[in-house]
Amino acid sequence: MLEITSLRPEDPALIAQAFTDIGWDKPEAQYVRYLDEQTADDRPVLVARVDGAFAGYLTVVWVPHYEPFREAGIPEIQDFNVLPPYRRQGIGTALMNAAEALIASRSATAGIGVGLYPDYGPAQRLYVLRGYLPDGRGIAWNGMTVTPMQEVMVDDDLALYFTRELGAG
């Protein structure tokens with residue numbers, strides 16, 4: 001059974017360990033920070049569990065680092081992860097549905113950024129299939145639009161940003 005809840009105080013260690021178990025570097029301190037930001041109403045964190053076991057999460061940032069979203073008041077879905085054994089089971093879709101419902105309570109538009117190298121291929125496809133469209137500003141690195149001839153590192157901070165109209169906010 002799938003359950004989506006807010007991040008709980010006992011979750012940071014469990015989530016960090018789940019990622020360590022698959023060889024990803026997602027330190028517990030990141031989730032402790034997320035818990036603090038959630039408590040301050042800066043970053044809600046939605047956690048998916050299947051039969052009580054951690055399966056994935058995402059966060060919503062009300063005031064994003066990406067300047068065009070920040071200036072337009074567009075909340076951004078960030079750090080969206082579903083553990084590999086739980087992919088292609090509707091968990092990512094359920095997390096996105098919950099995030100969009102949360103965003104719709106404050107904004108008519110949701111934003112999301114996605115990395116550009118192959119690891120992000122499934123996310124790129126998911127966002128397009130959900131109706132997200134590029135924001136028309138080209139790629140950005142570390143939240144800043146990349147200019148012609150600018151050299152940037154192809155890493156997790158190199159992204160294309162998308163928006164989706166959700167309806168009345």
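Residues numbered from 1 in each chain as written. Predicted model: local features only at pLDDT ≥ 70, side-chain atom pairs only at ≥ 80, totals over all residues. Heavy atoms only, no water.

**With respect to the pattern of salt bridges**
Link 1 in the chain: In the structure shown here, the tally under the stated rule is nine salt bridges.
Link 2 in the chain: With a shortest N-O distance of 2.7 Å, E100 and R130 are connected by a salt bridge. In this pair, E100 sits in helix α4 (residues 91-104) while R130 sits in the loop between α5 (121-129) and β6 (133-141), placing the two residues 30 residues apart along the sequence. R130 carries the same exposure label as E100, and that label is buried.
Link 3 in the chain: One connected set of salt bridges, linked through shared partners, spans R33, E37 and R43. (Salt bridge = Lys/Arg side-chain N within 4 Å of Asp/Glu carboxyl O. Helix = DSSP H or I, 4+ residues; strand = E, 2+ residues; numbered from the N terminus. Buried < 20%, exposed > 50% of the residue type's maximum accessible area, 1.4 Å probe, protein only.)

**Quick word on the sheet that holds strand β3 (residues 53-61)**
Link 1 in the chain: Overall, mixed pairing links the eight strands, which are arranged β1-β2-β3-β4-β5-β8-β6-β7 in an open sheet. Since the sheet does not close on itself, it has two edges, and those belong to β1 (2-6) and β7 (144-145), each with one partner.
Link 2 in the chain: Note: β3 against strand β4 (residues 76-82), five bridges, orientation antiparallel. Paired with Y57 across the two strands is N81, which belongs to β4.
Link 3 in the chain: Relative to β3, helix α1 (residues 11-21) is tilted by about 110 degrees, and along the sheet it contacts β1, β2 (45-50), β3 and β4. (Pairing = 2+ DSSP bridges. Contact = heavy atoms within 4.5 Å. Axes fitted to C-alpha atoms, helices over the stretch in contact; angles between N-to-C directions.)

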